[in-house]
Amino acid sequence: MPLYEIFVYSPRVEGVHLRGGKVARGGLRWSDRLEDYRTEVLGLVKAQQVKNAVIVPVGAKGGFVARGLTPGMSRDEIQEEGIACYRIFIRALLDITDNRTELGVQRPPLVVAKDDEDPYLVVAADKGTATFSDIANELAREYDFWLGDAFASGGSAGYDHKKMGITARGAWVSVQRHFRELGTDVQQTDFSVVGIGDMAGDVFGNGMLLSPHIRLQAAFNHLHIFIDPAPDAGSSFAERQRLFNLPRSNWSDYDPGLISAGGGVFARSAKSIPISPQVQAWLGIKAGQLAPNELISCLLRAPVDLLWNGGIGTYVKASSESHTDVGDKSNDMVRVNGSELRCKVIGEGGNLGMTQLARVEYGLAGGRSNTDFIDNAGGVDCSDHEVNIKILLNAVVERGDLTEKQRNILLEEMTESVARLVLQNNYRQVQAISLAEFQAEERSGEYRRFINNLEAAGKLNRELEFIPSDQELADRRVQGKGLTRPELAVLVSYSKAILKEELIDSDLGLDPHLAGAVATAFPGLLVERYREEVEEHRLRREIMCTQVANDIVNHMGFNFVPRQCKATGASVADVARAYTTVMSVYRVAESWDRIEALDYQVDAVVQKEMMQSLIRLVRRATRWLLRNRRHEMAPTRAIAEFADGVAQLHEALPHMLRGQAAEQYRSLSEHYQQAGVEPALAASVAGSLQGYTALGIIQAAHETEAPLLQVAELYFEMGERLELDWFGSLILTSKIENEWQALARDTYLEDLEWQQRTLAVGALRYMQRGDSLPQCLESWEQQQAPLLGRWRDMLTELHTTDAPDFAMFAVAIRELLDLAQSSLRT
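As a starting point, this report considers the structure included with it. (Residues numbered from 1 in each chain as written. Predicted model: local features only at pLDDT ≥ 70, side-chain atom pairs only at ≥ 80, totals over all residues. Heavy atoms only, no water.)

## Let's talk about the overall build of the protein chain
For clarity, the threshold we go by: Comment: elements are numbered from the N terminus, with helices defined as DSSP H or I runs of at least four residues and strands as E runs of at least two. Here the globule rule is a power law, 2.2 Å times the number of residues to the power 0.38, and the radius of gyration is based on C-alpha atoms. Accessible area is worked out with a 1.4 Å probe on protein chains only. A residue is then buried under 20% of its type maximum, exposed over 50%, and partly exposed in between. The protein chains shown are the only cover counted for residues, whose accessible areas, like all others here, come from Shrake-Rupley with a 1.4 Å probe.
Looking only at helices and strands, one finds 37 helices and 17 strands in the protein chain. Taking 2.2 N^0.38 as the reference for a compact globule, 826 residues should give roughly 28 Å; the C-alpha atoms of the protein chain span a radius of gyration of 30 Å, in line with that estimate. Dimensions along the principal axes, computed over C-alpha positions, put the protein chain at roughly 100 × 75 × 45 Å. Out of the 826 residues belonging to the protein chain, those deemed buried represent 57%. When the accessible area of the protein chain is evaluated, it comes to approximately 34500 Å², of which 50% is carbon and sulfur surface.

Written as structure tokens, this is what we have:
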């Protein structure tokens, strides 16, 4: 539920503004739902909460209705009245909002304020208010509001979303990934599309120009139905480009000479529309005529590659839902069920085009989609970048180091840099959903526990977010199905939002390495010119925590932090510190970027497998740090301690591995290379399987003052001689039935790593001047013969048991502990 509500009422205008927290943002819409606009805004703010997971503010949404509109008004009169109502609504919001001044936070005059200081209020464009940002900023200046023209993003001195095409480009990132994971490059291969909207619209128009290989077979808006059964990709692209550049264009402006046989542009006001043989064959229908609404329903169910939603309205529901449940009465006559869709992929550039249950139904039937708040997050992300940049630059302007004209030129220069930052967020967030989906069956129990924990903590309303019950999840598992992408999208967004808030409320501090995360939220040009201002940004802590939270969830998944906290007892802040350290020490981001650069060069499954290897490395290395550096978890210090040693061991690792570990490394490296990965990257990712051991080896070398590579060589030799690599793989691949077993497995693996390291250190004590490694180990084996015999007997039992269980692992680990401790004592 929202944290704050402002209700505005006058004889002329009525409106509501809802915020999820003190630092919140979202658009204000001019609603046409006079009777239930509050319900509309409540539904939108819920979507905004999860959409804002990638940015600093939490969700907000506002809406107003113009009470004085009459049926006889002209278009200009309606627009004039809407602007007047918008002004009243904005003034009402500013009248009761705190302001920042040189003297600090100042309460509004003639207002009795009983809450805490609350000066952050930003608004954005939405349905009906796309051109109103300058009006809002003019009012902000009139009120001398501290945000200036950062109050409403997208004005004349801001980022024009339609001109940038940022919302459509962000949604297209999702479309590209869906098809890439299906084995198709939509930038190089023709594909069929049905769309909702017209070329004058921001999201639809920009979206339908993002690939020259789009074959738009049909589209509709509130006035027309466009049908082109066999379009030519080249000529139709050029015609869509012409319509996009034509002011206030509509489908009726489309050149009929470019439409294939059997197609045309038809008015939705017509009583019936003739259905040509070509359309009948395409849609698989026999009717010679259909009412416009019937035809639209058929088009929504068309057998195409992509359904692109760039319009307004809810067109797909679940079979289990009634039209009343949807709450969009105007589209009841055209709406279809998710199970009826025959498209391969859905791109949701527009809001609320499908209900969440419809997405789930479609996903369970094999369709590929995310959610609207994932696909079209580019717009709100771009606005947030604009606000944060303006907060910084406005301070520079105020102190006289920059004129407003110079600021505006700089803003324009950074347009594409801001777009790249936004699109990278889109790319990584959708990738996180794909990685979660890739592991859905393997980690179904873990996902279920994550949901239950969120629910128990009061952070997730399962019914409100349409997350399946435990029984439903169990039923799906029997059917070989797990959580769908739309459901995973909710969990990814929730985990980001929760982690962001937990980090902001924690003692994360400003370690120099963590503080560097602030710069990643700004274009390079701005950081280069105003590094000090970036580091001292008014929202620097919120920005830092947002960047860190996004990075963790994008790379590691939505359950990484809770799992690390539960397993080690560490705080959320310490997990973030350890994660940041590991990412830097192992240079994971560089490897990850190189894997992403393989898009369309190797199979998407291979990329996900490689990322999984890196995730496993980061998970185990993070846990090692949390166990072994619990009270000194400072990233800068830890990076200085481990980075050089990890680099040395990374270089030497292929030559040091023995037996099964060496075979695993070679096999994995060859697998990646055969899939098309260049040898250096294939070898690097293959090495991550043993890479986490570097931290313990470095610590052992430091404690014994022995040469690092000598300790490493002994460590891996011990793993081969005692079959510890095989034993470790046995534990790792064991079947997990519940959370206790998951925790036990991780503990056994930790113990095994510690004992192997202890055995190596113990063997070092037998190293005499001039001794070779085999001589050293021979002396150690002679001394430890009785306990070695017991361990080998244990290995024999493990080898001859079809399904070793956790009890056997516990006993074996105890035997190994005796041997390790004996090695240190003698």
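More follows now that the structure is in view.
## Points about the nonpolar core
Inclusion rule: Nine residue types can take part in a nonpolar core, namely buried Ala, Val, Leu, Ile, Met, Phe, Trp, Tyr and Cys, and a core is a set of them joined through side-chain atoms within 4.5 Å. The criterion used for residue contact is that any of the two residues' heavy atoms lie within 4.5 Å.
Formed by 191 residues in total, the largest nonpolar core has its most connected members in Phe151, Leu393, Tyr586 and Phe727. When residues no more than four places from it in sequence are discounted, the contact partners of Tyr586 are Leu617, Ala621, Val646, Gly691, Tyr692, Ala694 and Leu695. Within the second largest apolar cluster, 31 residues are counted, among which are Ile227, Val279, Ala302 and Tyr315.

## Details of helix H33 (residues 724-732)
Across the nine residues that make up H33, a large majority, eight, are buried. Here H33 has its buried residues at Leu724, Asp725, Trp726, Phe727, Gly728, Ser729, Leu730 and Ile731. Buried residues belonging to H33 abut helix H28 (659-674), helix H30 (688-691), helix H32 (708-721), helix H34 (739-764), helix H36 (785-800) and helix H37 (806-825).

## Observations concerning the environment of Pro277
Looking at where Pro277 falls in the secondary structure, it is placed in helix H8 (residues 277-283). Judged by its relative accessible area of 60%, Pro277 is exposed. Counting along the chain gives 252 residues from Pro277 to Arg25, while the straight-line C-alpha distance between them is 50 Å.

## A closer look at the packing of aromatic side chains
To be explicit about the condition: Only Phe, Tyr and Trp rings take part, Trp by its six-membered ring, and two of them pair if their centres are within 6.5 Å. Stacked means planes under 30 degrees apart, edge-to-face means over 60, and tilted covers everything else. Here, a charge over a ring means that NZ of Lys or CZ of Arg falls within 6 Å of the ring centre while also lying within 35 degrees of the ring normal.
Counted according to the given criterion, the structure contains 24 aromatic pairs. Considering the side-chain rings of Trp172 and Phe191, the 6.2 Å spacing of their centres and the 45 degrees angle between planes classify their relative orientation as tilted. Within this pair, whereas Trp172 is found in helix H5 (residues 166-181), its partner Phe191 is found in strand E8 (residues 191-196), the two being separated by 19 residues in sequence. The class for Trp172 is buried, based on a relative accessible area of 3%. For the pair Phe727 and Trp791, a centre-to-centre distance of 5.7 Å together with 75 degrees between the ring planes defines the contact as edge-to-face. Remark: Trp791 occurs in helix H36 and Phe727 occurs in helix H33; sequence separation between them is 64 residues. Among the residues examined, Phe727 registers a relative accessible area of 0% and is labelled buried. Trp791 sits in the buried class, given a relative accessible area of 0%. Every member of this aromatic cluster is reached through a ring pair, and the members are Trp30, Phe64, Tyr86, Phe89 and Phe132. The cationic tip of Arg100 hangs over the ring face of Trp146; the distance from NZ or CZ to the ring centre is 5.2 Å.

## Overview of the pairing of strand E2 (residues 13-19)
This is how the line gets drawn: Strand pairing is assigned whenever DSSP detects at least two bridges linking the two strands.
Taking burial as the measure, the seven residues of E2 include seven buried ones, the bulk of the element. The pairing of strand E1 (residues 4-9) with E2 spans six bridges and is antiparallel. Across the sheet, the residue bridging to Val8 is Gly15, located in E2. Between E1 and the antiparallel strand that follows it, E2, lie three residues. Where E2 meets strand E5 (residues 58-66), seven bridges bridge the pair, whose relative direction is antiparallel. Residue pairing for E5: Leu18 is matched across the bridge by Lys61.

## Structural notes on the side chain of Glu81
For Glu81, the location among the structural elements is in helix H2 (residues 75-95). Setting aside its immediate chain neighbours within four residues, Glu81 contacts Arg12, Ala66 and Leu69.

## Some words on the sheet that holds strand E10 (residues 224-227)
The line we're drawing: Between the N-to-C directions of two axes lies an angle of 0 to 180 degrees, each axis being a line fitted to C-alpha atoms and, for a helix, fitted only over the stretch in contact.
Judged by pairing direction, the sheet is mixed, and its six strands sit side by side in the order E11-E10-E9-E8-E14-E17 without closing on themselves. Strands with a single pairing partner mark the edges of an open sheet, and in this sheet they are strand E11 (264-267) and strand E17 (345-348). Averaged over all adjacent pairs, the angle separating strand axes in this sheet is 20 degrees, with direction ignored. Here strand E14 (residues 306-309) runs beside E17; their pairing, made up of four bridges, is parallel. Counted as the bridge partner of Leu306 is Val345 from E17. Each of E8, strand E9 (214-220), E10, E11 and E14 is contacted by helix H9 (residues 292-300), which is oriented at about 45 degrees to E10, the strand it contacts most.

## Thoughts on unusual backbone geometry
For Asp144, which is not a glycine, the phi torsion comes out positive at approximately 55 degrees. Among the secondary structure elements, Asp144 is positioned in the loop between helix H3 (133-142) and helix H4 (161-164). Positioned with a positive phi, Glu705 is a non-glycine residue whose angle comes to about 60 degrees. Within the secondary structure, Glu705 is located in the loop between helix H31 (693-704) and H32.

## A word on the pairing of E9
Consecutive residues of a regular strand have side chains that alternate between opposite faces of the sheet. Quick note on the threshold: By convention a crossover is right-handed if, when the strands point away from the viewer, the path from the first strand over the helix to the second runs clockwise.
In terms of burial, E9 is largely enclosed, as six of its seven residues are buried. Of the pairings in the sheet, the one linking E8 to E9 comprises six bridges and is parallel in character. Bridging across to E9, Ile196 finds its partner in Phe220. You can see the chain leave E8, run along helix H6 (residues 202-207) and come back into E9, and the turn it takes is right-handed. When E9 meets E10, the two strands line up antiparallel, connected through three bridges. Considered in E10, the bridge of Ala218 is made with Ile227.

## Focus on the environment of Arg814
Tracing the chain through its elements places Arg814 in helix H37. Overall, the relative accessible area of 49% leaves Arg814 in the partly exposed class. C-alpha of Arg814 to C-alpha of Phe560: the two residues are 254 residues apart in sequence and 29 Å apart in space.

## Details of the environment of Val618
Among the secondary structure elements, Val618 is positioned in helix H26 (residues 604-628). A relative accessible area of 1% means that Val618 is categorised as buried. Sequence separation between Val618 and Gly691 is 73 residues; the distance between their C-alpha atoms is 9.4 Å.

## A short note on the packing of H33 against H34
Angle between the axes and distance between the axes are the two parameters that describe a pair of packed helices. This is how it is decided: Relative orientations are named as follows: roughly parallel for angles under 35 degrees, roughly antiparallel for angles over 145 degrees, roughly perpendicular for angles from 65 to 115 degrees, and oblique for any other angle. Side-chain classes are defined by residue name, with Ala, Val, Leu, Ile, Met, Phe, Trp, Tyr, Cys and Pro counting as nonpolar, Asp, Glu, Lys and Arg as charged, and the others, Gly among them, as polar.
Put simply, H33 and H34 touch, their axes get as near as 9 Å, and they point 170 degrees apart. By the angle between their axes, H33 is roughly antiparallel relative to H34. Here Leu724, Asp725, Phe727, Gly728, Ile731 and Leu732 of H33 lie close against H34, whose contacting residues are Arg745, Tyr748, Leu749, Leu752, Gln756 and Leu759. Residue composition of the contact of H33 with H34, by class: eight nonpolar, two polar and two charged.

## Structural notes on helix H13 (residues 378-398)
The criterion, for reference: One less than the number of residues in a helix, times 1.5 Å, gives the span that helix is expected to have.
For H13, which comprises 21 residues, the first-to-last C-alpha distance of 30 Å matches the rise-based estimate of 30 Å (1.5 Å per residue) to within 8%. Counting buried positions over the 21 residues of H13 gives 18, a clear majority of the element. Of the residues trailing H13, Gly400 is marked for its positive phi of about 90 degrees.

## So, the pattern of salt bridges
Stated formally: Salt bridge criterion: a side-chain nitrogen from Lys or Arg within 4 Å of a carboxyl oxygen from Asp or Glu.
Within the structure shown, the criterion is met by 60 salt bridges. Of the charged contacts, one joins Asp36 and Arg33 as a salt bridge, the two residues approaching to 3.0 Å between their closest N and O atoms. Among the salt bridges present, the one from Glu678 reaches Arg594, with a minimum N-O distance of 2.6 Å. Of this pair, Glu678 sits in the loop between H28 and helix H29 (679-686) while Arg594 sits in helix H25 (residues 588-596), and the two are 84 residues apart along the sequence.

## Overview of the side chain of Thr546
In plain terms, the rule: Distance and chemistry together define a polar contact, namely a pair of N or O atoms within 3.5 Å, with one atom able to donate a hydrogen and the other to accept it when in protein, and with adjacent residues in sequence counting only for side-chain atoms on both sides.
Mapped onto the fold, Thr546 is located in helix H22 (residues 540-556). For Thr546, a relative accessible area of 2% puts it in the buried group. Separated by 2.7 Å, the side chain of Thr546 and the backbone oxygen of Glu542 make a polar contact. Those residues in contact with Thr546, other than ones at most four positions away along the chain, are Val54, Ile55, Val56 and Lys500.

Treat this as a map of the structure, not an account of what it does.
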